[in-house]
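Secondary and tertiary structure notes
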Amino acid sequence: AARPPPRPPHGPHRRSTNRHLAATPSKPGMAMAATAPIRCDGKVTWMAFEPESYEHQLQEKTSAMRSLFGAVLAGVEVQIFPSMPAHFRQRARFAMCRFDGVLKFALFDKDAPRVAVDRFPVASREINELMPRLLAAVASSEALSTGLEACHFLGTQTGDMLVSLIYGEPMHSDWRAAAEAMRAELSLPALLGRAKGTRVVLDRDSVDETYALHDGRRLTYRQVEGSFSNPSAAMCEKTLDWLCESARLIAAERARRGGGAAPAQSLLLELYSGNGNHTVALATHFSHVLAVEIDRRLCAAAEHNLASNGVRNATVLAADSGRFCRSLLRKLDRGAKEAAAGRTAAPPDAELGGREEPTQPAAEAAAPSANPTTRWLEEARGRTDVILVDPPRCGLDADTLRLVSYFDHVLYISCNPEALLDNLQRGGLLQTHAVVRSAIFDHFAYTPHLECAVLLRRRTLCE
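Since we're looking at a predicted model, the values are computed, not measured.

Attention now goes to the overall build of the protein chain. In terms of helices and strands, the protein chain carries 13 helices and 17 strands. A buried classification covers 57% of the 463 residues belonging to the protein chain. Of the contacts formed within the protein chain by residues at least 6 apart in sequence, a portion of 68% connects residues at least 24 apart. Working note: accessible area of the protein chain is about 19,400 Å², and carbon and sulfur atoms make up 50% of it.

Set out below in structure tokens:
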């Protein structure tokens, strides 16, 4: 998500909708009249769109983050991935308000849709080119404009586009006919309308995005309307490249500790996996991936994305991450106590007949247990190689932190550096793990916010 203030756009359980860009009112049917002061110059207090000063703004943000982390990142290379200076968002959300009686796109500022805009230069060129044409078509149609409170654009780098019109009252009886006519006139790939209890989809409710990675792969992702997806495709590609390079470094470290012999691939547990954005890219670096996600629509999208990219060594579990972590923790704690008492069963290697990885893809394995925790233990044989977390803005809770501490390698993606630092310091991760790699991704250009990532390694493996 790019996630400008005050709260970044997250999925249902981790990335809440950004009120500056997602402008649907909190109460259905609430009038969307602009509230004073009305400004029509497109400037908002939470974003300083000044392309000529972008590098300076980024330098200030990165310097502030280095100062915040201090000794935690001492001696650690911090890679910085800048944003494009303009047209870097494939997603944009606007309130629809009347300013002096004229229907306009509007941005939230100070908790109200105060700022009318004709264009939005941080959004893609395709969105900006469509905005005036769509507005003219909607404004000229009583069926489309009556009760309209918000308009959402979901685009891709390849030109796919879904427009969602959000209503605060029952949709007009002629809405479908008017929408079909507008869709044909504007050559819209997909269009939908939503009101309380009603959802009308013309063609489809998703777009298909393609990411090109440095290793030559081109990965295709289905992104579903109303569910989280990364709004900056270019920055997402950089994040995936960084994660894949981190996975290669983990493999190299395991090989080094094994005396140069090629070890079996690691297992990856991924929490807050969304639509499989990271899962699809990382699966090739692991023998098996277990991805946990609470939103069933995102789980369905993840299953589609895994299949469309030919990934057969990943399992998606529709489960509450907190509940899953607590259940898995109980089993791992029990195993640790048994190990301390000398009552362990055969080690993982022995259980697998001398092999560390499962001998066949999950799709070909025997029917797994329906219980998510048992399923993970069946597939991982109790191993805790690598975990990837991409938590809410508040960071990881105490139970998840304790679970994470069991793993040898931790990949942590954070949309809130302060929460990450708190998890590292007060949460205790730095007691068991050391930061060996870090990155800054400027998903939120022209705002004070940054996304960052760290690779942590168990301290006993750093000796």
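To continue, consider the side chain of threonine 384. Following the sequence through the fold, threonine 384 ends up in the loop between α10 (372-380) and β14 (386-389). Residue class for threonine 384 comes out buried when judged on its relative accessible area of 15%. A polar contact is formed between the side chain of threonine 384 and the backbone oxygen of tyrosine 406, at a distance of 3.0 Å. If near-sequence neighbours (up to four positions away) are discounted, threonine 384 is found in contact with Leu332, Tyr406, Phe407 and Asp408.

Attention now goes to the environment of leucine 240. Structurally, the position occupied by leucine 240 is in helix α5 (residues 233-257). In the structure, leucine 240 is positioned 26 residues away from histidine 214 in sequence and 9.4 Å away in space, judged by C-alpha atoms. Excluding anything up to four places from it in sequence, leucine 240 contacts Tyr211, Leu213, Tyr221, Asn277, His278 and Ala281.

The phi dihedral of lysine 110 falls on the positive side, at around 55°, and the residue is not glycine. Structurally, lysine 110 is set in the loop between β3 (102-109) and β4 (112-117). With a relative accessible area of 59%, lysine 110 lands in the exposed category. Despite not being glycine, aspartate 111 shows a phi value in the positive range, around 70°. Note that aspartate 111 resides in the loop between β3 and β4.

So, on to the pattern of salt bridges. A side chain of one charge can pair with a side chain of the opposite charge if their charged atoms are brought near each other. According to the stated counting rule, one finds 16 salt bridges in the structure shown. Residues arginine 297 and aspartate 205 are paired through a salt bridge, measuring 3.4 Å at the closest nitrogen-oxygen approach. With arginine 297 in helix α7 (residues 296-308) and aspartate 205 in the loop between β8 (198-202) and β9 (206-212), this pair connects stretches of sequence that are 92 residues apart. On the basis of relative accessible area, aspartate 205 is assigned to the partly exposed category, the value being 22%. Here the residues in one salt-bridge network are Arg194, Arg199, Asp205, Glu225 and Arg297, joined through shared partners.

In the contact formed by helix α2 (residues 125-139) and helix α4 (residues 175-186), the axes pass within 11 Å of each other and the chain directions differ by 150°. In terms of crossing hand, the pair formed by α2 and α4 is right-handed. Contacts between α2 and α4 involve Leu130, Arg133, Leu134, Ala137 and Val138 from the first element and Met182, Glu185 and Leu186 from the second.

What follows covers the nonpolar core. Formed by 84 residues in total, the largest nonpolar core has its most connected members in Phe105, Leu134, Phe153, Val163 and Leu165. For this core, the element with the highest residue contribution is α2, accounting for 7 residues. Residues Tyr211, Leu213, Leu240 and Ala247 belong to the second largest nonpolar core, which totals 35 residues.

Once that is clear, we can look at the pairing of strand β5 (residues 148-155). By the criterion of burial, β5 is predominantly enclosed, with 8 of the 8 residues buried. Pairing of strand β2 (residues 91-99) with β5, which is carried by 5 bridges, proceeds in the antiparallel orientation. If you follow alanine 95 over to β5, its bridge partner there is alanine 150. Direction of pairing for β5 relative to strand β6 (residues 161-167): antiparallel, over a ladder of 7 bridges. Within β6, the position partnered with phenylalanine 153 by the bridge is valine 163. Taking the residues between adjacent antiparallel strands as the criterion, β5 and β6 are bridged by 5 residues, where glycine 159 takes a positive phi near 100°.

Conventions we followed
Residues numbered from 1 in each chain as written. Predicted model: local features only at pLDDT ≥ 70, side-chain atom pairs only at ≥ 80, totals over all residues. Heavy atoms only, no water. Helix = DSSP H or I, 4+ residues; strand = E, 2+ residues; numbered from the N terminus. Buried < 20%, exposed > 50% of the residue type's maximum accessible area, 1.4 Å probe, protein only. Contact = heavy atoms within 4.5 Å. Areas by Shrake-Rupley, 256 points an atom, 1.4 Å probe, with all protein chains shown as cover. Polar contact = N/O pair within 3.5 Å; in protein donor to acceptor, adjacent residues only side chain to side chain. Salt bridge = Lys/Arg side-chain N within 4 Å of Asp/Glu carboxyl O. Axes fitted to C-alpha atoms, helices over the stretch in contact; angles between N-to-C directions. Left-handed = near helix turned anticlockwise from the far one by under 90°. Core = buried A, V, L, I, M, F, W, Y, C linked by side-chain atoms within 4.5 Å. Pairing = 2+ DSSP bridges.

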